[in-house]
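Analysis of the macromolecular model
One letter stands for each residue in the lines below.
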Amino acid sequence: MIPPLSPYGLIQESLWPDEWKILVSCMMLNCTSRKQVEKVLPTFFDKWPTADRLVNAEASDISEVISTLGFKNRRAQNLLKMSDAYLNDEWKDPRELPGIGEYAARAWEIFCQNNVGNDPPNDGALVLYWKWRKARDD
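Residues numbered from 1 in each chain as written. Predicted model: local features only at pLDDT ≥ 70, side-chain atom pairs only at ≥ 80, totals over all residues. Heavy atoms only, no water.

**Observations regarding the packing of aromatic side chains**
Spelled out, the test is: Two rings belonging to Phe, Tyr or Trp (six-membered ring only in the last case) form a pair when the distance between their centres is within 6.5 Å. Interplanar angles under 30 degrees mark stacking, angles over 60 mark edge-to-face geometry, and anything in between is tilted. Helix and strand assignments come from DSSP, with helices taken as H or I runs of at least 4 residues and strands as E runs of at least 2, each series counted from the N terminus. Any residue under 20% of the maximum accessible area for its type is buried, any over 50% is exposed, and the rest in between are partly exposed; the area is computed with a 1.4 Å probe on protein chains only.
Following the criterion strictly, the structure yields 7 aromatic pairs and no others. Measuring from centroid to centroid gives 4.7 Å for Phe-111 and Tyr-129, while their planes differ by 45°, and the two rings are tilted. In this pair, Phe-111 is assigned in helix H7 (residues 102–111) and Tyr-129 in helix H8 (residues 124–137), connecting sequence segments 18 residues apart. Phe-111 sits in the buried class, given a relative accessible area of 1%. We classify Tyr-129 as buried; its relative accessible area is 0%.

**Description of the layout of surface pockets**
The line we're drawing: Of the grid points, spaced at 1 Å and generated over the protein atoms alone, those admitting a 1.4 Å probe that cannot get out make up cavities, while open sets with protein on both sides within 12 Å along at least five of seven lines make up pockets; any residue with an atom within 4 Å of a point is treated as lining. Grid points are joined across faces, edges and corners, and a volume is the space filled by probe spheres set on the points. We call Asp, Glu, Lys and Arg charged. Ala, Val, Leu, Ile, Met, Phe, Trp, Tyr, Cys and Pro are nonpolar, and the rest, Gly among them, are polar.
What the largest pocket holds in volume is close to 190 Å³. What lines the largest pocket is Met-27, Met-28, Asn-30, Cys-31, Phe-71, Arg-74, Arg-75, Asn-78, Leu-79 and Gly-99. Elements represented by at least two residues in the lining of the largest pocket include exactly helix H2 (19–29) and helix H6 (72–88). Looking at the lining of the largest pocket residue by residue, the class counts come to 5 nonpolar, 3 polar and 2 charged.

**Brief notes about H6**
This is how it is decided: A helix's residues, less one, multiplied by 1.5 Å, set its expected span. Contacts were defined at the residue level, with two residues in contact if any of their heavy atoms lie within 4.5 Å.
Here H6 contains 17 residues, and its C-alpha end-to-end distance of 24 Å stays within 8% of the 24 Å for a straight helix at 1.5 Å per residue. Buried residues of H6: Arg-75, Ala-76, Leu-79, Leu-80, Met-82, Ser-83 and Ala-85, and no others. Against the buried residues of H6 lie H2, helix H3 (34–47), helix H4 (51–55) and helix H5 (59–66).

**Comments concerning the packing of H2 against H7**
Rule in force here: To get an axis, fit a line to the C-alpha atoms, keeping to the stretch in contact for a helix; angles then go from 0 to 180 degrees between the N-to-C directions. Two helices that cross are described as forming a left-handed crossing if the nearer one is turned anticlockwise from the farther one by less than a right angle, and a right-handed crossing if clockwise.
Contact geometry for H2 and H7: axes closest at 9 Å, N-to-C directions at 145°. For the pair H2 and H7, the crossing hand works out as right-handed. Judged by residue contacts, Glu-19, Ile-22, Leu-23, Cys-26 and Leu-29 of H2 engage Tyr-103, Ala-104, Ala-107, Trp-108 and Phe-111 from H7.

Below, the structure written as structure tokens:
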């Protein structure tokens, strides 16, 4: 089922149904503003549109593209590790993937599994979407 588009226009809404891109965007949004991420995502996904393509990239090339987000080397390594595990591991919950925290896992549940859940997420923008969906779906 396609998640409905909210009046909030979250980045994840525009990336559906690509689960990997949703997870990548969430990793980039950690400790970074949406405005900064929106400037980086088009270039990032032009260079590496799939997990297959990213795992063959050099960490230094990734770091260069995401440098404005902060923690560029750590983020690049985490993006590589997560993408490799995404492709190669038998995972059922994204929390099992390297670098995926509660925010990305809840975004994945909401947008990829269409599971809004009963408890609100911890992230402000995701909470807005969650409240909107709960009111809309009830």
